[in-house]
Amino acid sequence: MNTPNKRLLFLIGFPFSPIYSILMKLRDLFYRIGLFRSEKFEVPVVSIGNLTMGGTGKTPLVIYLAQYCQARNFKPAVISRGYRGKSRSSCNIVSDGKDILLDSELSGDEPSLIARLTSDIVVATGRKRRIPSRRVIEDYGCNLLFLDDGFQHLAVQRDFDLVLFDVITFAGNSRVFPGGDLRESVFSLSRADAFGITGIDSSTEKRAGQLQALLEERHPDIPVYKIYRELSDFKKWQVNQDSTINSTPVTSDNLPSPLLCFCGIANPDRFKTSLEHSGLSVEAFITFPDHYSYQIEDIQQLEEYRLSSGCQGLITTEKDLVKLDPGLFSTAPLYTASLKLVPEAALLSHLDAVLSQ
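Since the model is a prediction, treat every value here as computed from it, not as a measurement.

> What is the right way to read the overall build of the protein chain from this model?
Summing up its helical and strand segments, the protein chain has 11 helices and 13 strands in all. A compact globule built from 357 residues would reach a C-alpha radius of gyration of about 21 Å, and the protein chain, at 21 Å, matches this within 12%. The dimensions of the protein chain, computed from C-alpha atoms along their principal axes, are 60 × 45 × 40 Å. Going through the 357 residues of the protein chain one by one, you find that 50% of them count as buried.

> Whenever I open this one, helix α2 (residues 17-32) confuses me. Can you help?
Since the α-helix packs 3.6 residues into each turn, any two residues three or four apart lie on the same face. Between its first and last C-alpha, α2 extends 23 Å over 16 residues, near the 22 Å set by a 1.5 Å rise per residue. When we look at burial in α2, the residues that qualify are Ser17, Ser21, Met24, Asp28 and Tyr31. Taken down its axis, α2 places every buried residue within 85° of arc, on the same side. Turned more than 90 degrees from where α2 packs its buried face, Ile19 and Leu23 sit exposed. Following α2 by one or two positions, Gly34 has its phi on the positive side, about 90°.

> Got a minute to help me understand the packing of aromatic side chains in this structure?
A ring pair, where both rings are aromatic, is described by two values, the distance of the centres and the angle of the planes. Summed over all chains, the structure comprises 9 aromatic pairs. Ring centres of Tyr20 and Phe177 lie 6.0 Å apart, and the angle between their planes is 75°; this geometry places the pair in the edge-to-face category. With Tyr20 in helix α2 and Phe177 in the loop between β6 (160-166) and β7 (194-200), this residue pair connects regions lying 157 residues apart in the sequence. In this structure Tyr20 comes out as partly exposed when scored by relative accessible area, which is 30%. Assessed through its relative accessible area of 27%, Phe177 is described here as partly exposed. Relative to Phe170, the ring of Phe165 has its centre 5.1 Å away and its plane inclined at 40°; by these criteria the two rings are tilted. When sorted by exposure, Phe165 lands in the same class as Phe170, which is buried. The structure contains a cluster of three or more aromatic residues connected by ring pairs, namely Phe262, Phe288, Tyr292 and Tyr294. The aromatic ring of Phe187 is capped on one face by Lys25, whose charged end is 5.6 Å from the ring centroid.

> In this structure, what is going on with a nonpolar patch on the surface? I would like to understand it.
On the surface, Phe16, Ile19, Ile22, Leu23, Leu26, Leu29, Ile33, Leu35 and Phe36 cluster together into a nonpolar patch covering about 860 Å² of accessible area. Tracing the sequence through the fold places Leu29 in helix α2.

> Sorry, what's going on with the packing of helix α3 (residues 58-70) against helix α11 (residues 345-355) here?
Helix packing geometry: the angle between the two helix axes and the distance between the axes. Viewed as axis vectors pointing N to C, α3 and α11 meet at an angle of 55°, and their least axial separation amounts to 12 Å. One finds that α3 runs oblique with respect to α11. Judged by the twist between their axes, the crossing of α3 over α11 is right-handed. Contacts from Tyr64, Leu65, Tyr68 and Cys69 in α3 reach Leu348, Leu351, Asp352 and Leu355 in α11. Looking at the contact of α3 with α11, its residues break down into 7 nonpolar, no polar and 1 charged.

> Can you help me understand the side chain of Asp28 in this one?
Looking at the element boundaries, Asp28 is found in helix α2. For Asp28, a relative accessible area of 7% translates into the label buried. At 2.7 Å, the side chain of Asp28 forms a polar contact with the side chain of Arg32. Once residues lying within four places of it in the same chain are set aside, the contact partners of Asp28 are Leu154, Phe187 and Arg191.

> I'm lost on the side chain of Thr59 in this one. Help?
Relative to the helices and strands, Thr59 is located in helix α3. Among the residues examined, Thr59 registers a relative accessible area of 10% and is labelled buried. Among the polar contacts listed, one links the side chain of Thr59 to the side chain of Asp148, at a separation of 3.2 Å. Beyond its immediate sequence surroundings of up to four residues, Thr59 is in contact with Glu110, Leu113, Ile114 and Asp148.

So, how was this worked out
- Residues numbered from 1 in each chain as written.
- Predicted model: local features only at pLDDT ≥ 70, side-chain atom pairs only at ≥ 80, totals over all residues.
- Heavy atoms only, no water.
- Helix = DSSP H or I, 4+ residues; strand = E, 2+ residues; numbered from the N terminus.
- Rg over C-alpha atoms; globule rule 2.2 N^0.38 Å.
- Buried < 20%, exposed > 50% of the residue type's maximum accessible area, 1.4 Å probe, protein only.
- Expected span 1.5 Å × (residues − 1).
- Arc of directions from axis to C-beta.
- Phe/Tyr/Trp six-rings, centres within 6.5 Å; stacked < 30°, edge-to-face > 60°.
- Lys NZ or Arg CZ within 6 Å of the ring centre and 35° of its normal.
- Patch = residues over 30% accessible without salt bridge, like charges linked within 9 Å, V, L, I, M, F, W, Y side chains within 5 Å.
- Areas by Shrake-Rupley, 256 points an atom, 1.4 Å probe, with all protein chains shown as cover.
- Salt bridge = Lys/Arg side-chain N within 4 Å of Asp/Glu carboxyl O.
- Axes fitted to C-alpha atoms, helices over the stretch in contact; angles between N-to-C directions.
- Parallel < 35°, antiparallel > 145°, perpendicular 65-115°, else oblique.
- Left-handed = near helix turned anticlockwise from the far one by under 90°.
- Contact = heavy atoms within 4.5 Å.
- Nonpolar A, V, L, I, M, F, W, Y, C, P; charged D, E, K, R; others polar.
- Polar contact = N/O pair within 3.5 Å; in protein donor to acceptor, adjacent residues only side chain to side chain.

So, in structure tokens, the structure goes:
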């Protein structure tokens, strides 16, 4: 959603924010007193979520932490709602850890991305996440569950509840939907076990420190951790003579110049800025709505714009790639850049302590 439309929605929805906020508080209360069912599993459950709408880097952090725990002899699974995925099954196994079983259209782009970027990690989706959670434990022997975007999903109890805040957007306009960016009232933050400030780089280190101090002042019993952003792992995608598609790692020095950058993510400007900080020349920048499903007409228009602007190649995110057929870009080089989130050591130590209990 572009900024003018978002502002108009929030203006219209402002009078209804108190009603929605009260409903969310009642929902929270009903779970706490047992009026609504919340299932406890025999394996540890880690939730990575946020308070605001939009991107805070949940999925890259889930990938990092799942692989971190995998290296410590856990068999993790990632459970997602499968936002925008077309499958209506109560349980969808996106990846069994060996093979990808569902494409992004059925599973949603975040689960598909996690499946592509990990190995030996089961990825499953379902609107009622207790169902895929039970399935991966019983059928795949998983002994650790990560809930991707799980803060508001109270039907599954968790052992570690990490709430993320983007270093730039933080709490948005601090109003509850539909009058603002918050999914529920700040009242709900009291149930978190830790906070993470994401997207930090050299240009936002000072702001991150200010936000950390603010959170520690308002929630002195909840630790706050910094999570840094790195742009890495550039890849070139190409079609082979046998029509198969593969990728080749490249360094930023070997990328053509200038580039046409395009993406359909929550914070597109952040991606463009990261590319420029990596020393890349971005001549043109085209954005699509978050979770956008690309059509052949979009690809044609991108290629036409590339030619008219004199760009020598196109670059996008890995999240966008799961919804694209690289073969459609056969007339121009297509590249992707990987966004990596790296948490400070104290967060990893906190997680280790939780999992050792």
